[in-house]
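Remarks on the overall topology
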Amino acid sequence: MELNQIHHVAIICSDYAKAKEFYVEKLGLPLLREVYRENRRDWILTLGAGGVEIELFIMDNPPRRVSNPEARGLRHLAFRVADMDEAVAWLNGKGIATEPVRLDPYTNKPMTFFRDPDGLPLELHE
């Protein structure tokens, strides 16, 4: 078996309107599919992100993250950007707060974090 690339990443969200506004309207990720599953009473929004899909599973009252962010499972989702200063200014212009930019000690490239409406850490990496 050869694992060629990541197909998708799934994120559980608690609020349909906030998740869609954040990921589609503010971050500008294209909406590929939107499905309501009656049997589970949840939504799945499939978004595009540079050849990888992000699936948002939106349901009422999912459990909160155990810690911030050091729990088992997905620690954070990172997006590569061409220009960190431009990306941070763009996010801040949309009302999305970012942490101070710092250098990744292993790649020596700029990086920063911001959070989605449910508090999931999202990273920008140049």
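Structure: see above.
Analysis parameters
- Residues numbered from 1 in each chain as written.
- Predicted model: local features only at pLDDT ≥ 70, side-chain atom pairs only at ≥ 80, totals over all residues.
- Heavy atoms only, no water.
- Pairing = 2+ DSSP bridges.
- Helix = DSSP H or I, 4+ residues; strand = E, 2+ residues; numbered from the N terminus.
- Axes fitted to C-alpha atoms, helices over the stretch in contact; angles between N-to-C directions.
- Contact = heavy atoms within 4.5 Å.
- Buried < 20%, exposed > 50% of the residue type's maximum accessible area, 1.4 Å probe, protein only.
- Arc of directions from axis to C-beta.

**A word on the sheet that holds strand E4 (residues 52-58)**
- Across the sheet, four strands lie side by side as E1-E4-E3-E2; this open sheet has mixed pairing. Both edges of this open sheet fall to strand E1 (8-13) and strand E2 (31-37), since each of them pairs with a single strand only. For this sheet the average axis-to-axis angle between neighbouring strands, irrespective of direction, equals 20 degrees.
- Sheet strands touched by helix H1 (residues 16-26): E1, E2, strand E3 (42-49) and E4. Its angle to E3, the strand with the most contacts, is close to 5 degrees.

**A word on the environment of Leu120**
- When you line up the elements, Leu120 lands in the loop between strand E7 (110-115) and strand E8 (121-125).
- Spatially, the C-alpha atom of Leu120 lies 8.4 Å from that of Arg75, the residues being 45 residues apart in sequence.
- If sequence neighbours within four positions are ignored, Leu120 has contacts with Ile11, Tyr23, Arg65, Phe114 and Arg115.

**Details of H1**
- Ala19, Phe22, Tyr23 and Val24 are the residues of H1 that are buried. Buried positions in H1, seen along its axis, are confined to an arc of 160 degrees and lie on one side of it. Counted as exposed and oriented over 90 degrees from the buried face of H1: Ala17 and Glu25.
- As for H1, its buried residues are in contact with E1, E2, E3, E4, E7 and E8.
- One or two steps after H1, the chain reaches Gly28, where phi turns positive at roughly 80 degrees.

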